[in-house]
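Chain and residue survey
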Amino acid sequence: MDLRMPRMDGIEATRRILDRQPSARVVVLTTFADDVNVYGVLGAGAIGYLVKDGAPEELVDAVRRAARGEALLAPPVLARVLRRALAAHDREREPDRSAAALRLLSAREREVLALVGAGLSNAEIGARLHLGVTTVKTHVSGAMEKLALRNRVQAAVLAHRLGLVDDDFNPVPGAGGP
């Protein structure tokens, strides 16, 4: 299957072929390896995606493998698919990592981290929580050490990622902030 054709693109053609003949095997052979085409045609049911710079014997082998039902992707396409899959996997695991990070902190450290994420200074955090500045510094340092953070900017970014602070830089009630 080619992706660029005069009356219909390869994605739609693949979809129509497989709607009419579900046992068919569609292998794309194209010069286009961008996300829209790769994920579009794979989503339409293609079993393979090859780029035209491959050797002729690779194409013959690919057609034989597709006929046996083996999925196949050209190396640059496989790399693209793997990067996206790994990123999706990381996003799915983010709540687990977030919960684990929050469990490392005491309740007070979570409160302080939320206020760091909200952009408050140590003096402002101390006033808000009725703590001395030295005590606030101790909680900030403790949180940063437990979370392996190098500076206050990283702490603020992490507070956002952990959901301790909303997009308007306000501590989220019940998420560890006051």
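The following refers to the structure shown.

How each quantity is defined
- Residues numbered from 1 in each chain as written.
- Predicted model: local features only at pLDDT ≥ 70, side-chain atom pairs only at ≥ 80, totals over all residues.
- Heavy atoms only, no water.
- Core = buried A, V, L, I, M, F, W, Y, C linked by side-chain atoms within 4.5 Å.
- Buried < 20%, exposed > 50% of the residue type's maximum accessible area, 1.4 Å probe, protein only.
- Helix = DSSP H or I, 4+ residues; strand = E, 2+ residues; numbered from the N terminus.
- Pairing = 2+ DSSP bridges.
- Salt bridge = Lys/Arg side-chain N within 4 Å of Asp/Glu carboxyl O.
- Phe/Tyr/Trp six-rings, centres within 6.5 Å; stacked < 30°, edge-to-face > 60°.
- Lys NZ or Arg CZ within 6 Å of the ring centre and 35° of its normal.
- Expected span 1.5 Å × (residues − 1).
- Polar contact = N/O pair within 3.5 Å; in protein donor to acceptor, adjacent residues only side chain to side chain.
- Right-handed = clockwise from strand over helix to strand, strands pointing away.

By size, the foremost hydrophobic cluster in this structure holds 25 residues, and its most contacted members are Val112, Leu113, Val116, Ile125, Leu147, Leu162 and Leu164. Considering every element that reaches this core, the biggest residue donor is helix H5 (residues 107-117), with five residues. Among the nonpolar cores identified, the runner-up in size contains 14 residues, and Val26, Ala44, Ala46 and Val81 belong to it.

The next point concerns the environment of glycine 119. Here glycine 119 is to be found in the loop between H5 and helix H6 (122-129). The exposure class of glycine 119 is exposed, given its relative accessible area of 57%. Between the C-alpha atom of glycine 119 and that of arginine 84, which follows or precedes it by 35 residues, the distance is 33 Å.

Below, the discussion takes up the sheet that holds strand E2 (residues 48-51). Pairing in this open sheet of three strands is parallel, and the strands run E1-E2-E3 from one edge to the other. A strand with exactly one partner marks an edge of an open sheet, and here the two such strands are strand E1 (27-30) and strand E3 (72-73). The pairing of E2 with E3 spans two bridges and is parallel. Considered in E3, the bridge of tyrosine 49 is made with leucine 73.

Oppositely charged side chains can pair when the atoms bearing their charge come close. Under the criterion given, the structure shown has seven salt bridges. When the shortest N-O distance is used, the salt bridge between arginine 15 and glutamate 12 registers 2.9 Å. Remark: glutamate 12 and arginine 15 occur in helix H1 (residues 10-20); sequence separation between them is three residues, near one turn of the helix. For glutamate 70, the salt bridge identified is with arginine 68, shortest N-O distance 3.0 Å. Salt bridges sharing common partners tie together Asp61, Arg65, Arg68 and Glu70.

Quick look at the packing of aromatic side chains now. Counted under the stated rule, the structure contains zero aromatic pairs. Against the face of phenylalanine 32 rests arginine 4, its NZ or CZ located 3.9 Å from the ring centre.

Turning our eyes to something else, we now look at helix H7 (residues 133-146). Along an α-helix, residues three or four apart share an orientation, since each turn contains 3.6 residues. With 14 residues, H7 extends 20 Å between its outermost C-alpha atoms, agreeing within 8% with the 20 Å of an ideal straight helix rising 1.5 Å per residue. Burial in H7 covers these residues: Val136, His139, Val140, Gly142, Ala143 and Met144. Following H7 by one or two positions, alanine 148 adopts a phi angle in the positive range, close to 55°.

Another aspect to go through is the pairing of E1. With four bridges connecting them, E1 and E2 associate as parallel partners. Looking at E2, one finds that valine 27 is bridged to glycine 48.

Before going further, it helps to spend a moment on the side chain of threonine 14. As for its placement among the helices and strands, threonine 14 is situated in helix H1. Polar contacts involving the side chain of threonine 14 include one to the main-chain carbonyl oxygen of glycine 10, which spans 2.7 Å.

With that settled, consider the pairing of E2. Every second residue of E2 is oriented toward a common face, with Gly48 and Leu50 on one face and Tyr49 and Val51 on the other, all of them buried. On the question of chirality, the crossover connecting E1 to the parallel E2 by way of helix H2 (residues 35-44) is right-handed. Handedness of the E2-helix H3 (residues 56-67)-E3 crossover: left-handed.

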